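Given next are the chains, with one letter for each unit.
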Amino acid sequence: MSYRPIITFLYVILCAGILSGQDYTALKFREAGPYRGGRVTTVAGVTSAPGTFYFGATGGGVWKSEDYGAKWVNISDGYFKTPSIGAIAVAQKDPNVLYVGTGSDGLRSNIIEGRGMYKSVDAGNSWLEIGLKDVGQIGAVRLHPEDFNTVYVAAIGKAFRANPERGLFKTTDGGKTWSRVLFISEETGVSDVEILHTNPNVLFAAAWKAVRKPWTIISGGTAREGGLYKSLDGGKTWYRVEKGLPEKLIGKIDIEVSPSDSRIVYALVEAPGKEGGLYKSVDQGESFTQVSSHDGIRSRPFYYTNIRVDPKNPEVIYAMATGYFKSEDGGKTWNRMNPPHGDNHDMWINPNTPNLFIQSNDGGANVTHNGGETWSTQFNQPTAEIYQVEVDNQYPYWLYGGQQDNYSTVAVPSMPPYGLQAPGIGFILNTGGCETGPAVPHPTNPDIVYSNCKGRFTIYNKRTGTEQSYYVGASNMYGHNPKDLKFRFQRVSPIHVSPHDPNVIYHTSQYVHKTTDEGKTWEIISPDLTAFEADKQVISGTPITRDITGEEFYSTIYAIRESPVQAGVIWVGSNDGPVHVTRNGGTTWDEVTPRNLPPGGRVDAVEPSPHNPAKAYVAVLRNLLGDPKPYIYKTENYGKSWTLLTTGSNGIPDDFPTRVVREDPEREGLLFAGTEYGMFISANDGKTWESFQQNLPLTPVTDLKIHRGDLALSTMGRGFWILDQIGPIRQQDLATLSEVHLFKPAKTIRYRIPSGAWNGDTPSYPRPGVMLDYFLPDKSEQPVKLEIRDATGQVLTAFSSDSIADVTGGARRDMGTNFTEFLVSESLTKHKGLNRFLWDMTMAGPWSSNENRKYRNGPMVAPGVYKAVLVYGDKTISQDFELVMDPRVVAAGVSETDVNQQVEFQKAVRDKLSEAYRYEHALEMEVESLTSKTSRSESEESRLKTLEGALSQVQTAEGIYMQPMLADQWRYLYSMMDQADQVPGRDALQRFSELETELQRLKSDVSLNE
């Protein structure tokens, strides 16, 4: 994956408005999956390079493939200020030129705001920001077919509020300047623009009145508030096309001009009843006739409404909606196609080969060579939209969450738990419920997962693969006016297991529901804890298309947490503003909403302090009301008073909406916050914030958990991410350090990569090891040295950042291995500030004449207490740490005594392997010395023959499948004992004796010249 760290770093500084006081560069996030695509709303291809395609994700940025979709690479990270992509346009006569409009056009409630236009002149290797940053969502970008500096941009507008920057924009200088050539109103933008290929002065634009509210979607208005517009002079003047189109209410429209017949123009129109559907013009858009009102091609129009025409046949049309449809008779009849996923958004057809096209949906992007008979995979796109993250107690732990538009919640491991024969995809486990989640594992039994599907509580059993259903109220909510519902559940309805009693589970509608028998019976332990304003309790979807999926149910509890410090202290927040707390398990509740918090926002997260029962935090999201400001509050008196921790000038920018805040369970006042545009950290309980983006791509952070010293994140567009071991931040305020410092390593599990679980980048799994963090006050030319010693003080292995000529003051001599050298490691960095080194838990390996192999690949050390010794200049610092048994190994019946016996045996084999290697090398050197002589005496000839005979018994001859000789036999035994934790078998012990006897016999028969 391609990141631009320097550009990203500069951008983060500019966004934060302050210089970072602490250097966290050494701490890196890693991508944990799932490696299955998320929602893709725009695609494009290159005519002259038929294997090259682009897609734009709703929260994952722009991606490129040059091999027909076999591999995708992100090309926008580090450049774009939003991950939400609305349109991609390629200059086909010079495909190095790309234009991208941000802000996707499907106005869901979880949509991410657009932030303008971007341009590349090197096929996406680099990008320039070229304006229109305030237009909001961009529905289309079209290029003049002959002049790629002339570009039209259809600006839908801000999703959640009216704004004056809506309309159609044009540039004639490649984006240096823009002019608005069509404007309807602050509530009506332009969703599409098309150019007549034979006469680029002829333009068509679709006006769309669209505003999203938390409780409804407004799509469409009167004919004067929307409709189809046409220009004959490149956008200087416009007139409305009315003939044949709906005369009253009209909503979203998608336009398609036939590439092969300039007379034909199609329009897919949102309108009431049978008026909605496909319209066709045969006079270049002067008048239209309805040809179809097929229900499938016009489902959920605010979300879809997309058509494409075959570039060679004007009668072949594709329509994208919940289903994917094709017509071969100009739209009169339709047949359903079968892409890899439903909910379809866009396609691009190669004009030279119409059966080759790319199509996108809520599961990603997919390429076909045969008109849709078969497709490229979506399991190579890490663009999943994840609503939350939960973690379990097993080792390695798994991460759980709801994935947008997936039939089940999903779980992925933090490290590979076993081998897998599908490299690149990683591990994805279904865990019940559905796309919205959450999925909450049982605290002590990870085989049981409490899942949710739009308010439906279930118990998923991993062992059986089945799901028991215990819905609160057992009533289907779809299609209801929320005011008529007994229980109002949002699509994302929380489930929370008490930290004090794993039998107590909370679930929320407008009430807090509690069960102690896993849902068989529920009790209500609260009154309605929402604002429940009457004017917000409406049927969603006006004025044309009804849309009620639970996403717009506005007065529900959205967040709940019980204090981990004091049982019965429970905090809840609703999606329409109020915050409540109970201190007696739900007998009584107090409304404690912060007084200066503007009303109506979604309380995305409540966070009871893990240190103080009176202390709590809330993160409130108000961008669904058109307010992008960050809102994080803190109370230290059970909500009687609150302090705003996000002023807009103390680190988190004033246009970064906040989604989640968590306090570190070990260091009080250490806060982590997830925003719409990435991660932030505070070391002083929210007084100031710093960017903590690191290498994390720009995407909304929806939730985070701190688990076993790791920071686990969910994102709305890039899946799960993990930052391993936040110990340095917990132990010390880095800004206060002025001298060399070695942080105390965490207790580490002795972990081996499972057989067949090869390490890769997709997902990114850590190598087994101990993370050793150290601080350097400056960058110096002198080397950094690190020793690992056992409990007796013996040096097991040692590393240096540079080659060291004189080692007398460094590593001690190991009599077994003759180990007296530092291993040079580029990973032992010496940057100013925080550095991180991963010791792989192995001691020095066997001697080798090959300098790149000498003392490397040693046995893994036994469980126990060890010491890390850091040497930098005249400073020497040490820290003890502990290695413990893998609990799975213990459960499999292997004891610590067994492992100790194994390690001692491995050391013995290692030493004998070193002895064999040294003997082999000495034989080689003497043979080489003798053979280099131009003439040899009789005794020298005899000696050479004897040496060559001995060498042939030690060294395997060159060739294919040659018989392994003594050195290779020792190496074979050494490798045999390094696969798993085990007791050495009888045959291994016997083989050691055999090889030892053979080595000693050979050395006795053919001694070396000293």
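Residues numbered from 1 in each chain as written. Predicted model: local features only at pLDDT ≥ 70, side-chain atom pairs only at ≥ 80, totals over all residues. Heavy atoms only, no water.

### What to know about the overall build of the chain
For the chain, the helix and strand inventory stands at 7 helices and 68 strands. On C-alpha atoms alone, the chain measures out to a radius of gyration of 33 Å, which is about the 30 Å that the 2.2 N^0.38 rule sets for 1010 residues. Along the longest, intermediate and shortest principal axes, the C-alpha atoms of the chain span 110 × 75 × 55 Å. Relative to its full complement of 1010 residues, the chain shows a buried share of 61%. In the chain, the proportion of contacts linking residues at least 24 apart, taken out of those at least 6 apart, comes to 58%. (Helix = DSSP H or I, 4+ residues; strand = E, 2+ residues; numbered from the N terminus. Rg over C-alpha atoms; globule rule 2.2 N^0.38 Å. Buried < 20%, exposed > 50% of the residue type's maximum accessible area, 1.4 Å probe, protein only. Contact = heavy atoms within 4.5 Å.)

### Observations regarding the state of the cysteines
Summed over all chains, the structure comprises 1 disulfide. Paired through a disulfide, Cys-434 and Cys-453 show a sulfur-sulfur distance of 2.0 Å. Every disulfide takes its handedness from the sign of the S-S torsion; for Cys-434 and Cys-453 that torsion is 90°, giving right-handed. Taken together, the residues Cys-434 in the loop between strand E35 (429-430) and strand E36 (439-441) and Cys-453 in strand E37 (residues 448-453) connect sequence positions 19 residues apart. Classification of Cys-453 by relative accessible area gives buried; the value is 12%. (Disulfide = S-S within 2.5 Å.)

### Details of the side chain of Ser-104
Along the chain, Ser-104 turns up in the loop between strand E7 (98-102) and strand E8 (117-120). Those residues in contact with Ser-104, other than ones at most four positions away along the chain, are Thr-41, Thr-58, Ser-84, Ile-85, Gly-86, Ile-111 and Gln-137.

### Quick word on helix H5 (residues 938-954)
For H5, which comprises 17 residues, the first-to-last C-alpha distance of 25 Å matches the rise-based estimate of 24 Å (1.5 Å per residue) to within 8%. Taken together, the buried residues of H5 touch helix H4 (896-931), helix H6 (966-976) and helix H7 (986-1005). (Expected span 1.5 Å × (residues − 1).)

### Focus: the packing of H6 against H7
Orientation of H6 relative to H7, taken along the N-to-C sense of each, is 155°, at an axis distance of 11 Å. Taken together, the axis directions place H6 and H7 in an arrangement best described as roughly antiparallel. Crossing of H6 against H7: the hand is left-handed. Counted together, Leu-966, Gln-969, Trp-970, Leu-973 and Met-976 of H6 and Ala-988, Arg-991, Phe-992, Leu-995, Glu-996, Glu-998, Leu-999 and Leu-1002 of H7 form the full contact between these two elements. (Axes fitted to C-alpha atoms, helices over the stretch in contact; angles between N-to-C directions. Parallel < 35°, antiparallel > 145°, perpendicular 65-115°, else oblique. Left-handed = near helix turned anticlockwise from the far one by under 90°.)

### Structural notes on the sheet that holds strand E10 (residues 137-143)
As summarised here, the arrangement of the 4 strands in space is E10-E11-E12-E13, forming an open sheet in which the pairing is antiparallel. Where the open sheet ends on each side, the last strands, each with one partner, are E10 and strand E13 (179-182). If you compare each strand with its neighbour and ignore which way they point, the axes differ by 30° on average. Relative to E13, strand E12 (residues 167-171) runs antiparallel, the two being bridged by 3 bridges. (Pairing = 2+ DSSP bridges.)

### Quick word on the environment of Tyr-397
Looking at the element boundaries, Tyr-397 is found in the loop between strand E32 (390-391) and strand E33 (398-401). As for Tyr-397 and Val-620, which are separated by 223 residues in sequence, their C-alpha atoms are 29 Å apart. Not counting residues up to four positions away in its chain, the partners in contact with Tyr-397 are Val-391, Asp-392, Pro-413, Ser-414, His-707, Arg-708, Asp-710 and Ile-722. Reaching out from Tyr-397, the side chain makes a polar contact with the side chain of Asp-710 at a distance of 2.8 Å. (Polar contact = N/O pair within 3.5 Å; in protein donor to acceptor, adjacent residues only side chain to side chain.)

### Some thoughts on the packing of aromatic side chains
Scanning the entire structure with this criterion turns up 30 aromatic pairs. An aromatic cluster of at least three residues, connected via ring pairs, comprises Tyr-24, Phe-29, Phe-672 and Phe-692. Over the face of the ring belonging to Tyr-303 we find Arg-108, whose NZ or CZ atom lies 4.9 Å from the ring centre. When the ring centre of Tyr-638 is taken as reference, the NZ or CZ atom of Arg-583 above it lies at 3.6 Å. (Phe/Tyr/Trp six-rings, centres within 6.5 Å; stacked < 30°, edge-to-face > 60°. Lys NZ or Arg CZ within 6 Å of the ring centre and 35° of its normal.)

### Section: empty space enclosed by the protein
If a probe the size of a water molecule is rolled over the atoms, the empty space left behind becomes visible. Scanning the model with the defined rule gives 3 cavities of 30 Å³ or more in all. Taken as a whole, the largest cavity spans an internal volume of roughly 520 Å³. Looking at the largest cavity, it is lined by 36 residues, and the ones nearest its centre are Tyr-387, Gln-388, Val-492, Tyr-558 and Asp-604. Broken down by secondary-structure element, the contributors of at least two residues to the lining of the largest cavity are strand E45 (557-562), strand E49 (602-608), strand E53 (658-663) and strand E57 (701-707). (1 Å grid on protein atoms, 1.4 Å probe; cavity = no way out; pocket = protein on both sides within 12 Å on 5 of 7 lines; lining within 4 Å. Points joined across faces, edges and corners; volume = space filled by probe spheres on them.)

### Some words on H6
Burial in H6 covers these residues: Leu-966, Ala-967, Trp-970, Leu-973 and Tyr-974. End-on, the buried residues of H6 take up no more than an arc of 125°, which puts them together on one face. In this structure, the buried residues of H6 make contact with H4, H5 and H7. (Arc of directions from axis to C-beta.)

### With respect to the packing of H5 against H7
Packing of H5 against H7 leaves a shortest axis separation of 11 Å and a crossing angle of 170°. Between H5 and H7, the angle is such that the two are roughly antiparallel. Facing H5, whose interface residues are Ala-950, Gln-953 and Val-954, H7 presents Glu-998, Arg-1001 and Leu-1002. Its residues assigned to classes, the contact of H5 with H7 comprises 3 nonpolar, 1 polar and 2 charged. (Nonpolar A, V, L, I, M, F, W, Y, C, P; charged D, E, K, R; others polar.)

### A word on the side chain of Asp-703
Assignment of secondary structure puts Asp-703 in strand E57. Of note is the side chain of Asp-703, whose polar atom sits 3.1 Å from the backbone nitrogen of Val-389. Within the structure, the side chain of Asp-703 is placed 3.0 Å from the side chain of Lys-705, a separation counted as a polar contact. In contact with Asp-703, not counting residues within four places along its chain, are Tyr-387, Gln-388, Val-389, Val-660, Arg-662, Ala-712, Leu-713 and Ser-714.

### Let's talk about the layout of surface pockets
Roughly 1,200 Å³ of volume is contained in the second largest pocket. Looking at the second largest pocket, it is lined by 46 residues, and the ones nearest its centre are Gln-92, Arg-142, Glu-194, His-197 and Trp-348. Looking at the lining of the second largest pocket, the elements that each hand over two or more residues are strand E2 (40-45), strand E6 (85-90), E10, strand E14 (188-195), strand E21 (253-257), strand E25 (306-309) and strand E29 (344-349). The class makeup of the residues in the lining of the second largest pocket is 23 nonpolar, 13 polar and 10 charged.

### A short note on the environment of Val-784
Its location among the elements puts Val-784 in strand E63 (residues 784-789). A relative accessible area of 0% places Val-784 in the buried class. In contact with Val-784, not counting residues within four places along its chain, are Tyr-774, Leu-776, Phe-799, Ser-800, Ser-801, Leu-828, Thr-829, Lys-830, Leu-870, Val-871 and Tyr-872.

### Concerning the pairing of strand E47 (residues 579-582)
Side-chain alternation along E47 places Val-579 and Val-581 on one buried face and His-580 and Thr-582 on a second face that is also buried. Relative to E47, strand E46 (residues 570-574) is paired through 4 bridges, and the arrangement is antiparallel. When the sheet's bridge partners are listed, Gly-573 is paired in E47 with Val-579. The antiparallel hairpin formed by E46 and E47 contains 4 residues in its connecting segment, where Gly-577 sits at a positive phi of about 120°.

### Brief notes about the environment of Lys-520
Examined against the element boundaries, Lys-520 turns out to sit in the loop between strand E42 (512-515) and strand E43 (523-524). When the C-alpha positions of Lys-520 and Asn-575 are compared, they lie 27 Å apart, and in sequence the two are 55 residues distant.

### Describing the nonpolar core
Residues Trp-839 and Trp-970 are the most contacted members of the largest nonpolar core, which totals 60 residues. Considering every element that reaches this core, the biggest residue donor is H4, with 11 residues. When neighbours within four sequence positions are excluded, Trp-839 is seen to be in contact with Pro-768, Gly-769, Val-770, Leu-772, Ile-788, Thr-797, Phe-799, Val-861, Phe-881 and Leu-883. Leu-27, Phe-29, Leu-671 and Leu-704 belong to the second largest nonpolar core, which has 40 residues in total. (Core = buried A, V, L, I, M, F, W, Y, C linked by side-chain atoms within 4.5 Å.)

### What to know about unusual backbone geometry
Cis geometry marks the peptide bond from Gly-33 to Pro-34, where omega comes out at 5°. Mapped onto the elements, Pro-34 comes out in the loop between strand E1 (29-33) and E2. Phi at Met-841 is positive, roughly 70°, even though this residue is not glycine. One can find Met-841 in the loop between strand E66 (833-839) and strand E67 (864-872).

### Considerations on the confidence of the model for the chain
Of the residues in the chain, 96% reach a pLDDT of 70 or more, and the chain-wide mean stands at 94. The low-confidence segment residues 806-810, where pLDDT is below 50, has 4 contacts with residues more than four positions distant or belonging to other chains. (pLDDT = per-residue confidence, 0-100.)

### Topic: the sheet that holds strand E50 (residues 616-621)
Read across the sheet, 4 strands follow the order E49-E50-E51-E52 without closing on themselves; strand pairing throughout is antiparallel. On the outer flanks of this sheet lie E49 and strand E52 (643-644), each paired with one strand and no other.

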